[in-house]
Amino acid sequence: MSGNGLISGNKAYGLTPEQIAFYRENGYLLAEGVFTREEAALLRQETHDLARRLLETQATGVKGEGWKSGAKVTDLPRELLHCHNVQFHSAVLSRLIVDPRLTDRVADLIGPNVQLHHTKMFIKPPERGAPFPMHQDYPYFPHERHTMMAATIHFDDAPVEKGCVRVVPGSYRQGPLEHINDGGHHLPVERFPVAEATPCPARAGDVLLFSYLTIHGSGLNTSQEARTTLLVQMRDPTDHPLKLVHLSRGQGMMLRGVDPEADAGTGVGPVSRFEAQFKAAQAT
Ligand SMILES: O=C(O)CCC(=O)C(=O)O
């Protein structure tokens, strides 16, 4: 029996010591060629088909201008297609988020147990794909120990002109920063201009890993092609939320390893003891 499949729990993939050191220093890492270009093309088709189905069924919140605060980054027209919880729409996307090529690498950064927080597909359409002002993800879903991190999986090439993700290297070491909240939590655009942050151009199949404390954002897609990505937000299951916010269907699913606290709940009602505790505290 090979190392693949359910029989073996062996770790098959991982980051090099140099990659881990780079992440520890900078709070982000571009892992190149995690998925093949053929797989990326399939996933791109899958997500564009999903966007089409959502638009055909007039699902709400799929097509818009992106964050309202994107207007502070550009005066040009902005458009963004987005969908949370894509694994409820497509089995290929369910398989993707438990793929050891992704989760084994994440385990090298946050430990052997990797729990899903949420997934979010973005299609930045050609010529007007909306920018994101610089921000940390922390204010959206603060946690005790800051193990939360994102993996942006690229389904097509994302050069600078497509509005690739940009980061401020090392910024995660500043800890949580105060954000402005006006249609999205973001940092003051004058002090944190998107154009001055470090671009992370990527190719189809690459995965950009970054801490939820890393300051990041992205520019407008001015190219002739869409930019298509899936962001998977993950944490160590024993790193508990500080607030009852940003809950979503599928949150708490184990992508790798186990939940040592066995806190998956019954599947109905509160999803976890922590949610139940928050609700009880609110009621008193
Ligand atoms: O994918 C991007 O361009 C940025 C997304 C982002 O910053 C976020 O979802 O927090």
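Residues numbered from 1 in each chain as written. Predicted model: local features only at pLDDT ≥ 70, side-chain atom pairs only at ≥ 80, totals over all residues.

### Describing the overall build of the chain
Check the secondary structure of the chain and you find five helices and 14 strands. Referenced to the eigenvectors of the C-alpha coordinate spread, the extents of the chain come out at roughly 55 × 50 × 45 Å. Counting all 284 residues of the chain, 40% fall into the buried class. Long-range pairs, those at least 24 residues apart, make up 85% of the contacts in the chain between residues at least 6 apart in sequence. (Helix = DSSP H or I, 4+ residues; strand = E, 2+ residues; numbered from the N terminus. Buried ≥ 20, exposed ≤ 12 C-beta atoms within 10 Å, placed from the backbone. Contact = placed C-beta atoms within 7 Å.)

### Remarks on the site of the ligand
Close to the ligand lie Phe 122, Phe 132, Asp 137, Thr 152, Val 165, His 216, Gly 217, Ser 218, Thr 229 and Leu 231, which account for all nearby residues. Broken down by secondary-structure element, the contributors of at least two residues to the shell around the ligand are β12 (216–218) and β13 (227–235). The class makeup of the residues in the shell around the ligand is four nonpolar, five polar and one charged. (Near = placed C-beta within 6 Å. Nonpolar A, V, L, I, M, F, W, Y, C, P; charged D, E, K, R; others polar.)

### A short note on the nonpolar core
Note that soluble globular proteins tend to have their nonpolar side chains buried in a common cluster. Ranked by size, the top nonpolar core spans 62 residues in total, and within it Met 149, Leu 208 and Leu 209 carry the most contacts. Apart from the residues lying within four places of it in its own chain, the contact partners of Leu 208 are Tyr 28, Leu 30, Thr 152, Val 165, Cys 200 and Ala 202. (Core = buried A, V, L, I, M, F, W, Y, C linked by C-beta atoms within 7 Å.)

### Examining unusual backbone geometry
Here Gln 58, not a glycine, exhibits a phi torsion of approximately 55°, which is positive. Along the polypeptide, Gln 58 turns up in the loop between α2 (37–56) and β2 (63–64). Here Gln 58 falls in the exposed class, since 7 other C-beta atoms lie within 10 Å of it. Positive phi, close to 55°, is recorded for Asn 85, a residue that is not glycine.

### Structural notes on the sheet that holds strand β10 (residues 198–199)
Pairing is antiparallel in the open sheet, where four strands are placed in the order β5-β12-β7-β10. Both outer strands of the open sheet, β5 (132–135) and β10, are each paired with one neighbouring strand and no more. (Pairing = 2+ DSSP bridges.)

### Looking at the environment of Pro 201
With respect to the helices, strands and loops of the structure, Pro 201 is situated in the loop between β10 and β11 (207–211). Sequence separation of Pro 201 and Val 165 is 36 residues, and the distance between their C-alpha atoms is 7.3 Å. Non-local contacts of Pro 201, meaning those with residues more than four positions away in its chain, are made with Ala 158, Pro 159, Val 160 and Cys 164.

### Topic: the environment of Thr 36
In this structure, Thr 36 sits in the loop between β1 (28–31) and α2. In this structure, the C-alpha to C-alpha distance between Thr 36 and Phe 155, residues 119 residues apart in sequence, is 9.8 Å.

### Some details on helix α1 (residues 17–26)
With respect to burial, α1 is a largely exposed element, only one of its 10 residues being buried. Positive backbone phi, at 80°, marks Gly 27, one or two positions downstream of α1.

### Regarding helix α4 (residues 100–110)
All of the buried residues in α4 are Leu 102, Thr 103, Arg 105, Val 106, Ala 107, Leu 109 and Ile 110. In the stretch just after α4, Gly 111 is the one whose phi turns positive, near 110°.

### Things to note about the confidence of the model for the chain
The pLDDT averaged across the chain works out to 93; a share of 95% of its residues lies at or above 70. Across the chain, the element-wise mean pLDDT spans from 77 in helix α5 (residues 273–283) up to 99 in β11. (pLDDT = per-residue confidence, 0-100.)

### Focus on the pairing of β11
Looking down a regular strand, the side chains alternate between one sheet face and the other. By the criterion of burial, β11 is predominantly enclosed, with five of the five residues buried. Burial along β11 is two-sided: the face carrying Val 207, Leu 209 and Ser 211 and the face carrying Leu 208 and Phe 210 are both buried. Note that β1 and β11 share four bridges and pair antiparallel. Pairing of Leu 30 across the sheet is with Leu 208, part of β11.

### A short note on the environment of Phe 278
Here Phe 278 shows up in helix α5. Classification of Phe 278 as partly exposed rests on a count of 17 C-beta atoms within 10 Å. In this structure, the C-alpha to C-alpha distance between Phe 278 and Pro 241, residues 37 residues apart in sequence, is 9.9 Å.

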